Amino acid sequence: MRQAAQNPGHDPERDGPHDPAAPGPEPRRGRPRSAAVERAILDAVVELLEAGETLDGLSIERIARTAGVGKATIYRRWSGKEEIFVDVLRDIEPPEPTVSGTAGLDDLRVLLESMRTRGLAQRSSALLHNVFVQMKKHPRLWTEYQSTVIAPRRAAMLAAVRRAVDAGELRDDLDVDFMDDLFLGPMLVRTVHRPEAPLPEDLADRIIRILLQGLAPRPPKSQVTGAGAAASAM
C-alpha cells in the first residue's frame, strides 16, 4: 500500500510543483479534478481499513493526512465519510458489468453473473467482507450505498426484464417487478444469505433456464411416449 505523505500539509492538487523559472499559469476557469489525487484518497482509506481502523474511527483529518492532501481537497469531492466509503466499496468490488442495453435475457444473464462474481469477491476478501459488515451498522452509510449503488443495479435488472418481455422471451401477463424478483432471488440468497452455498460458474444460466422451464414435475417418459404414439395413430 502507499506510504503516508511526509508533509501532511502539502496539497498536491492545490499547491502543485513550483519552478521559479517557469512562466505563470494561464488563466483558467474552475479547478480540474485530479484522478491521481482521488486515487490517493481512496487508497488512503483502504490503507487505514487494512491496518485495522474501523469506519467509526476514521475521520476526514486522518484520511487527508494519510493521503497527503488538505481536508478541503476531500470536501470538494465528497460531502463526508459516507460518500467516500461508498466510493471505496465500489472501487474494491468487481467493476460493474457492461450490458448491450438492447438485449433481454442475454443482458439479464450478464447482470446475474455480475452478482455471482461480487459474491465470490466478498467471500475471498476479508477487507470487503468487513467493510460490508461495518457498513450495515451505519444507517446513513447503508442508505447512501442502497441509493447510489444498489438502486441503479436493480433498475438495470428491471430494464433487462422489460426488454425480454418486449422481445417475446418472457410472458407478458405478469408484473415485471415480480418477475425480476424471481430471477434476482436465487442469486441473492446464494451470495448474501447463504455464504456457505456454492456459486458455480453456470449458476446464472441455471437460474434462467429453470425459471423458463418452470418447477412443475415433468410427466414420466412412458406417458410422453404413449401420448406421442396415440397422436401418431390418430
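Residues numbered from 1 in each chain as written. Predicted model: local features only at pLDDT ≥ 70, side-chain atom pairs only at ≥ 80, totals over all residues. Heavy atoms only, no water.

Trainee: Lay out the packing of helix 5 (residues 105–124) against helix 8 (residues 176–193) with the relevant residues and their values.
Mentor: Closest axis-to-axis distance for the helix 5/helix 8 pair is 9 Å, and the angle between their directions is 10°. By the angle class used here, helix 5 and helix 8 are roughly parallel. Here Leu 108, Leu 112, Met 115, Arg 116, Gly 119 and Arg 123 of helix 5 lie close against helix 8, whose contacting residues are Phe 183, Leu 184, Met 187, Leu 188, Arg 190 and Thr 191. (Axes fitted to C-alpha atoms, helices over the stretch in contact; angles between N-to-C directions. Helix = DSSP H or I, 4+ residues; strand = E, 2+ residues; numbered from the N terminus. Parallel < 35°, antiparallel > 145°, perpendicular 65-115°, else oblique. Contact = heavy atoms within 4.5 Å.)

Trainee: Just give me the short version of the environment of Ala 204, but keep the residues and values in it.
Mentor: Assignment of secondary structure puts Ala 204 in helix 9 (residues 203–213). Ala 204 sits 93 residues away from Leu 111 along the chain, and the two C-alpha atoms are 8.8 Å apart.

Trainee: So, the packing of aromatic side chains: which residues are in play, and what are the values?
Mentor: Overall, the coordinates contain two aromatic pairs when judged by the stated rule. When the centroid spacing of 5.6 Å and the interplanar angle of 85° are considered together, the rings of Phe 132 and Tyr 145 count as edge-to-face. You can see Phe 132 sitting in helix 6 (residues 126–135) and its partner Tyr 145 sitting in helix 7 (residues 139–166), a full 13 residues away along the chain. The same class applies to Phe 132 as to Tyr 145, namely buried. Of the aromatic side chains, those joined through ring pairs into one cluster are Phe 132, Trp 142 and Tyr 145. (Phe/Tyr/Trp six-rings, centres within 6.5 Å; stacked < 30°, edge-to-face > 60°. Buried < 20%, exposed > 50% of the residue type's maximum accessible area, 1.4 Å probe, protein only.)

Trainee: Would you mind going over helix 2 (residues 60–67) in detail, with residue names and values included?
Mentor: Within helix 2, burial applies to Ile 60, Ile 63, Ala 64, Thr 66 and Ala 67. Viewed end-on, helix 2 has its buried residues packed into an arc of 165°, placing them on one side of the element. On the buried face of helix 2, the contacting elements are helix 1 (35–50), helix 3 (71–75) and helix 4 (81–92). (Arc of directions from axis to C-beta.)

Trainee: Which residues make up the packing of helix 5 against helix 9, and what values do they have?
Mentor: It is the contact of helix 5 with helix 9, at a shortest axis distance of 8 Å, that shows an interaxial angle of 130°. In terms of orientation, helix 5 and helix 9 fall into the oblique class. Our pair here, helix 5 against helix 9, has a crossing hand that is right-handed. Here Leu 105, Leu 108, Arg 109, Leu 112, Glu 113 and Arg 116 of helix 5 come into contact with helix 9, specifically with Leu 203, Ala 204, Asp 205, Ile 207, Ile 208 and Leu 212. Of the residues that constitute the contact of helix 5 with helix 9, the class distribution is eight nonpolar, no polar and four charged. (Left-handed = near helix turned anticlockwise from the far one by under 90°. Nonpolar A, V, L, I, M, F, W, Y, C, P; charged D, E, K, R; others polar.)

Trainee: Outline helix 7, listing residues and values.
Mentor: The end-to-end C-alpha distance of helix 7 is 38 Å, a good match for the 40 Å that 28 residues give at a rise of 1.5 Å each. In the structure, helix 7 departs most strongly from a straight axis at Gln 146, where the bend amounts to approximately 35°. The elements touched by buried residues of helix 7 are helix 4, helix 5, helix 6 and helix 8. Gly 168, located one to two residues past helix 7, shows a positive phi value of around 80°. (Expected span 1.5 Å × (residues − 1). Bend = angle between axes of the 7 residues up to and from the residue.)

Trainee: With reference to specific residues and values, describe the pattern of salt bridges.
Mentor: Within the structure shown, the criterion is met by 18 salt bridges. Residue Asp 43 pairs with Arg 39 through a salt bridge whose shortest N-O separation is 3.1 Å. Here Arg 39 and Asp 43 lie together in helix 1, a separation of four residues that amounts to about one turn. Ionic pairing is found between Arg 153 and Glu 93, a salt bridge with its closest N-O pair at 3.0 Å. Highlighted residues: Arg 153 in helix 7 and Glu 93 in the loop between helix 4 and helix 5, separated in sequence by 60 residues. Members of the salt-bridge network, linked through shared partners, are Arg 154, Asp 177, Asp 180 and Asp 181. (Salt bridge = Lys/Arg side-chain N within 4 Å of Asp/Glu carboxyl O.)

Trainee: Residues and numbers for the nonpolar core, please.
Mentor: The tendency in soluble globular proteins is for nonpolar side chains to be buried side by side. Ranked by size, the top nonpolar core spans 31 residues in total, and within it Ile 41, Val 45, Ile 74 and Ile 84 carry the most contacts. Breaking this core down by element, the ones donating at least two residues are helix 1, helix 2, helix 4, helix 6 and helix 7. At eight residues, helix 1 tops the list of elements feeding residues into this core. If near-sequence neighbours (up to four positions away) are discounted, Ile 74 is found in contact with Ile 41, Ile 60, Ile 63, Ala 64, Val 69 and Ile 84. (Core = buried A, V, L, I, M, F, W, Y, C linked by side-chain atoms within 4.5 Å.)

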